[in-house]
Amino acid sequence: MGKLWFGGTIYTLQKEGETVNAVYTENGKIIKIGESSILESQYRDSIVECIDLKGKVMYPGFVDSHMHLIGHGEKLIRLDLSDLTSKEAVLNSVKRHAEHIKAGEWLIGEGWNENLWEKPEIIHCDELDHIIPEHPVILKRTCRHAMVANSLALELAYITAQTDCPSGGVIDKDDKGSLTGLLKDNAQDLLLAAVPEVSEQYLARAAAAAIKDLYKLGVTGSHTEDLNYYGGFKRTYQTFKKVIEEDGLKFRAHLLVHHEVIDDLVDAGEGYLSGNEWIEFGSMKFFADGALGGRTALLSHPYHDDPETEGMAIFSQDQLNGLVKKARELGLPVAIHAIGDRPLKWC
């Protein structure tokens, strides 16, 4: 049994600017496009619903070329800070949220962006300590290349002013050498290692929330990179299979594979474009530098608003060459995160 869609401008995207005035679908699949009267006559015994678009525009489903699907879902089910326009609003939102969680529970907020604030000052751990001393707090920047934590979270992660900073990361300190609570790129891993592992139910809820939200935007598929962040390759892959295949939230997920779990991909007997019509594996993903917002994207010249830094490299040229060599040996293309102009020359 099918549906006839008509009465609007329907773009096929098969040719530039091509439109038709009707589409016939069955079970969510496009069966035929063409003239409304012809389709109505051809499928009159199968049409159970006629949908008048009333002059609206209709497109095939969009595919997002770069996102983190589960991370998008986390923003929807966690404390969302992305629309707040001042540091004070962020702190007040965090304080209110703390009133509704259990004592000692980790409080994780998503998406703050100081560029939306009248005074783009980074949040300091002392400010978080003042309003929420009893909860470990992590607030992730919108780019996910930086986060700020309070002192309790830093303590639980054994991060002190004397902690060695990992390569490709920044543990920010003030002029006196004290921690500010700001961690960038690979330094974030030190803090995230202390956060209790989320449940499989949590992962499924985040993935489902993301897909349902994308449905509203007309997005029916995405290239997404999630497999290294939620308990490993197998656990995260199973989340996609459960939500999309078992629970029936149809969504075409093209999974980029972070270089740290590439061996897990091989051990699972998978490779480039293996999978099925809903879930397939893509390129090997790695990061050459960070992001502009956190000033970790690697530039040829100092940042105009922070002349003391040019950003940072996650890997050396030799290390990048080694990652590309490994990908080629496994028959995989590469997807390289390179935001600044200097990594573009290396890659």
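Criteria and cut-off values
- Each chain has its residues counted from 1, running along the sequence as written.
- The predicted origin of the model limits local features to residues at a pLDDT of at least 70 and limits the giving and counting of side-chain atom pairs to 80 or more, whereas totals for whole chains, interfaces and linings rest on all residues.
- Hydrogens and water molecules were not included; the side-chain quantities draw on all heavy atoms of the structure.
- Per the convention used, a helix needs a DSSP run of H or I reaching at least four residues, while a strand needs a run of E reaching at least two, with both numbered from the N terminus.
- When checking whether two residues touch, look at their non-hydrogen atoms; a contact exists if any pair is within 4.5 Å.
- Computed by Shrake-Rupley with a 1.4 Å probe, the accessible areas treat only the displayed protein chains as cover when residues are assessed.
- Charge convention: Lys and Arg are scored as positive, Asp and Glu as negative, and His as well as the terminal groups of each chain are ignored.
- Positions of charges follow a simple convention, taking NZ of Lys, CZ of Arg, CG of Asp or CD of Glu.
- Here, a salt bridge means any side-chain nitrogen of Lys or Arg that lies within 4 Å of a carboxyl oxygen of Asp or Glu.
- Each residue's exposure class comes from its accessible area (1.4 Å probe, protein chains only) as a fraction of the maximum for that residue type: buried when under 20%, exposed when over 50%, partly exposed otherwise.
- Only buried residues count toward a nonpolar core. Its members are Ala, Val, Leu, Ile, Met, Phe, Trp, Tyr and Cys residues joined through side-chain atoms within 4.5 Å.
- Between any two strands, at least two bridges found by DSSP are needed for them to pair.
- Orientation is described by axes fitted as lines to C-alpha atoms, over the contacting stretch for helices, and by angles from 0 to 180 degrees between their N-to-C directions.
- Any angle that falls under 35 degrees is termed roughly parallel, while one over 145 is termed roughly antiparallel, one within 65 to 115 roughly perpendicular, and all others oblique.
- Amino acid classes used here: Ala, Val, Leu, Ile, Met, Phe, Trp, Tyr, Cys and Pro are nonpolar; Asp, Glu, Lys and Arg are charged; the rest, including Gly, are polar.
- Here the expected span of a helix is defined as 1.5 Å times the quantity of residues minus one.

Caption draft 1: Local environment of the overall build of the protein. If you tally the helices and strands in the protein, you get eleven helices and 16 strands. Once the C-alpha set of the protein is aligned to its principal axes, its extents read approximately 80 × 50 × 40 Å. Contacts spanning at least 24 positions in sequence make up 67% of the contacts within the protein whose residues lie at least 6 apart. Here the protein displays about 18300 Å² of accessible surface, and carbon together with sulfur accounts for 50% of that area. Between the centroid of the 36 positive side chains of the protein and the centroid of its 53 negative side chains there is a distance of 5 Å.

Caption draft 2: Structural context of the pattern of salt bridges. Taken as a whole and assessed by the stated rule, the structure comprises 18 salt bridges. Across the pair Glu110 and Lys140 runs a salt bridge whose closest N-O atoms are separated by 3.8 Å. Taken together, the residues Glu110 in strand S8 (residues 107-112) and Lys140 in strand S9 (residues 137-141) connect sequence positions 30 residues apart. Overall, Glu110 belongs to the buried group, its relative accessible area being 3%. Here Arg235 and Glu197 are joined by a salt bridge, their closest N and O atoms 3.9 Å apart. Taken together, the residues span a long stretch of sequence, with Arg235 in helix H8 (residues 233-246) and Glu197 in the loop between helix H6 (188-192) and helix H7 (200-216) at a distance of 38 residues.

Caption draft 3: Spatial organisation of the nonpolar core. Core analysis: the largest hydrophobic core is formed by 44 residues, its most contacted members being Leu69, Leu227, Phe240, Ile244, Leu255 and Phe281. For this core, the elements supplying multiple residues, two or more each, are helix H2 (69-77), H7, H8, strand S14 (252-258), helix H9 (262-267), strand S15 (279-287) and helix H10 (317-329). The residues touching Leu227, leaving out its near neighbours within four places in the chain, are Gly232, Phe233, Thr236, Tyr237, Leu255, Leu256, Val257, Val261 and Phe281. Core analysis: the second largest hydrophobic core is formed by 18 residues, Val94, Trp117, Ile123 and Ala146 among them.

Caption draft 4: Representation of the sheet that holds S14. Reading across the sheet, the five strands line up as S6-S13-S14-S15-S16 and stay open at both edges, with parallel pairing between neighbours. Lying at the two open borders of the sheet, with one neighbouring strand each, are strand S6 (62-67) and strand S16 (334-337). With direction set aside, neighbouring strand axes in the sheet form an average angle of 30°. Both S14 and S15 contribute to a ladder of five bridges, which runs parallel. Residue His258 lies in a different strand from S15, and its bridge partner there is Lys285.

Caption draft 5: The packing of H2 against H7, seen in detail. For the pair H2 and H7, the least separation of the axes is 7 Å and the interaxial angle reads 90°. Considering the angle they form, H2 stands roughly perpendicular to H7. Mapping the contact onto sequence places Leu69, Ile70, His72, Gly73, Glu74, Leu76 and Ile77 in H2 and Tyr202, Leu203, Arg205, Ala206, Ala207, Ala209, Ala210, Ile211, Asp213 and Leu214 in H7. Of the residues assigned to the contact of H2 with H7, the class counts are twelve nonpolar, two polar and three charged.

Caption draft 6: Expanded view of H8. In this model, H8 (14 residues) spans 19 Å end to end at C-alpha, consistent with the 20 Å of a helix rising 1.5 Å per residue. Burial in H8 covers these residues: Phe233, Arg235, Thr236, Tyr237, Thr239, Phe240, Val243 and Ile244. Looking at the buried positions of H8, the neighbouring elements they touch are H2, H7, strand S13 (219-224), S14, H9 and S15.

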